[in-house]
Structures are given as structure tokens and as C-alpha cells.
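Summary of the model geometry
Each chain is listed here by its residues.
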Amino acid sequence: MMKKLFVLLAVISFVTAAQAQFIVGGSFGFTSTSVDAGGSSESGSSFKIVPDVGYQLDDKISVGVQVGYSYGLCTFGSLSVADLKGAFSTLAGAAIDYMNKDTKLNGFTIAPYLRYNAVKLGRANLFLEGYVGYNNITVDSTPSVGDNYAGGDETNLNAFELGIRPGISFMVNDSFELMCRMGALGYMSAKEKESDVSISRFGLNTDTYNLLFGAAFHF
């Protein structure tokens with residue numbers, strides 16, 4: 001009986017390996033904003049670069065991990081500017097204006113995921129992607145006086161997120177895939193390292209800071 005069980009497991013493993021494909025790809029998101037107020041104007045940009053590697057187990061399911069870098073407000077994912085200003089105004093001497101052009105936001109992200117291809121329409125797939133992410137966020141506020149820098153504060157946060165995001169992909173051929181991820185439904189919590197200040201939010205986020213376009217190669 002045990003011998004038959006081992007043979008069955010070996011066959012299942014062989015079939016799964018034969019169907020599986022190694023995937024290497026990545027996504028990119030970019031947003032630019034300009035504000036004109038009575039003769040003065042300010043502009044800024046936000047972007048994400050998110051490479052990922054994965055393994056497609058069958059036509060429906062793939063697993064992988066994303067490791068990326070972000071700059072600007074998209075660093076905070078589903079947390080809003082209002083959330084951030086409210087939290088940091090409670091820190092003595094660290095009330096940061098996040099719309100200030102001298103505030104630099106940088107983030108490092110790692111997020112394992114499981115993707116399920118829910119609907120197949122020819123070469124297109126509508127998918128759902130469940131993920132767990134860790135973000136290390138650095139806020140460097142360096143106020144300037146004229147052309148000179150007056151010094152500033154650097155704040156560091158750890159943020160964790162759990163969510164489901166929808167997307168669509170298109171197989172150009174058997175080896176090359178285009179995709180778009182659109183927002184997320186989930187939970188995110190961030191905590192400042194040197195204090196008790198924390199921010200958390202649960203909800204649906206579909207703004208442009210969470211719109212990612214990407215491509216992947218299947219081997």
C-alpha cells in the first residue's frame with residue numbers, strides 16, 4: 001500500500017513539474033502632479049519599480065515574490081496623505097508637510113503572492129492576486145532657506161499589508177505576457193520606529209498610485 005502511495009505521489013509531482021513554468025518579470029507605475037495656485041506652481045512625481053520572480057504551477061495558479069523600490073506618495077500604498085499628516089502632527093518637532101517639495105519619500109518592498117486566473121478570454125486572463133507585504137519607508141524632510149539647506153529630520157517606518165488585488169494579463173505568445181494590476185482591497189499598518197505613532201487602514205484603494213503595468217517572461 002505504501003509503495004503504491006509513493007508511486008502515486010511521484011506521478012503527481014512529475015505531472016506538476018511538467019506543467020510548471022518559471023516566471024521572471026516586473027511592473028512599473030508612475031504618477032506626476034502639478035498644482036497652479038495664483039501665479040505659483042508646484043509639481044511632483046511618484047513611481048514604483050517592482051521586479052518579481054514566480055512559478056506557474058498550472059493554468060490557474062502561480063506563486064511568486066515581488067521585491068521593489070518606490071519613491072513619493074505611492075510608497076505608502078493605501079494610506080492617504082490625510083492619515084499621514086494626522087499621525088505625524090502628534091510627534092514633537094516632526095510635523096511633516098508631505099506635500100513639501102523638500103520632503104523625500106523612499107520605500108523598499110518585499111511581497112510574496114499567490115495569483116489565481118479566474119476568467120480566461122482567449123489570450124487574456126482576469127486574475128486575483130493575494131499578497132502579504134513588508135515595506136520599509138524612509139521620510140527625509142530637509143527644509144531649505146534660500147539656496148541653503150537648514151537641516152531636517154529623517155523618519156523611518158515599518159509597514160505591513162495584506163490584501164487582494166485584481167488584474168488583467170495578455171499572453172502575446174507562449175513565452176511573453178503583458179499585465180496590469182489595478183488597486184487593492186486590503187489592510188495596511190505602519191509604525192514609526194522611534195515612537196508609539198502608528199497608522200492603519202482597511203479598505204478598497206483604486207487610485208493611480210496603485211496602478212501598475214508590467215510584463216513577464218515564461219521559461
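Presented here is an overview of the structure given in this document. (Residues numbered from 1 in each chain as written. Predicted model: local features only at pLDDT ≥ 70, side-chain atom pairs only at ≥ 80, totals over all residues. Heavy atoms only, no water.)

**Considering the nonpolar core**
Of all hydrophobic cores here, the largest spans nine residues; its members are Leu 73, Phe 76, Leu 105, Ile 137, Val 139, Leu 157, Ala 159, Met 188 and Ala 190. Where this core is concerned, the elements lending two or more residues are β5 (124-141), β8 (153-171) and β10 (184-192). (Core = buried A, V, L, I, M, F, W, Y, C linked by side-chain atoms within 4.5 Å. Buried < 20%, exposed > 50% of the residue type's maximum accessible area, 1.4 Å probe, protein only. Helix = DSSP H or I, 4+ residues; strand = E, 2+ residues; numbered from the N terminus.)

**Brief notes about the layout of surface pockets**
Taken as a whole, the second largest pocket holds about 380 Å³ of empty space. What lines the second largest pocket is a set of 19 residues, and nearest its centre among them are Gln 56, Asp 59, Lys 120, Asn 125 and Met 171. Contributing elements (two or more residues each) for the lining of the second largest pocket: β1 (21-37), β4 (103-121) and β8. Top contributing element to the lining of the second largest pocket by residue count: β4, with three residues. Considering only residue class, the lining of the second largest pocket consists of two nonpolar, nine polar and eight charged. (1 Å grid on protein atoms, 1.4 Å probe; cavity = no way out; pocket = protein on both sides within 12 Å on 5 of 7 lines; lining within 4 Å. Points joined across faces, edges and corners; volume = space filled by probe spheres on them. Nonpolar A, V, L, I, M, F, W, Y, C, P; charged D, E, K, R; others polar.)

**What to know about the packing of aromatic side chains**
Overall, the coordinates contain four aromatic pairs when judged by the stated rule. Ring geometry for Phe 176 versus Phe 217: centroids 5.1 Å apart, planes at 45°, classification tilted. Linking Phe 176 in strand β9 (residues 176-182) with Phe 217 in strand β12 (residues 211-218), this pair joins segments that are 41 residues apart in sequence. On the accessibility criterion, Phe 176 (23% relative accessible area) is partly exposed. The exposure class assigned to Phe 217 is partly exposed, which follows from its relative accessible area of 45%. Among the aromatic residues, those joined into a ring-pair cluster are Phe 47, Tyr 69 and Tyr 71. Sitting above the plane of the Phe 127 ring, Arg 115 keeps its charged end 5.0 Å from the centroid. (Phe/Tyr/Trp six-rings, centres within 6.5 Å; stacked < 30°, edge-to-face > 60°. Lys NZ or Arg CZ within 6 Å of the ring centre and 35° of its normal.)

**A word on empty space enclosed by the protein**
In the structure shown here, the tally under the stated rule is two cavities of 30 Å³ or more. Of the pockets and cavities examined, the largest cavity occupies roughly 360 Å³. In terms of lining, the largest cavity is formed by 28 residues, of which the most central are Lys 48, Tyr 131, Glu 161, Arg 165 and Asn 210. Those elements giving two or more residues to the lining of the largest cavity turn out to be β2 (40-56), β3 (61-71), β4, β5, β8 and β10. The dominant element in the lining of the largest cavity, judged by the number of residues it contributes, is β10, at five residues. Residue composition of the lining of the largest cavity, by class: twelve nonpolar, twelve polar and four charged.

**Looking at the side chain of Ser 70**
One can find Ser 70 in strand β3. Taking relative accessible area as the criterion, Ser 70 reaches 3% and is therefore assigned buried. Those residues in contact with Ser 70, other than ones at most four positions away along the chain, are Phe 47, Lys 48, Thr 75, Leu 105, Asn 106 and Gly 107. (Contact = heavy atoms within 4.5 Å.)

By themselves, these observations are geometric and do not establish any function.
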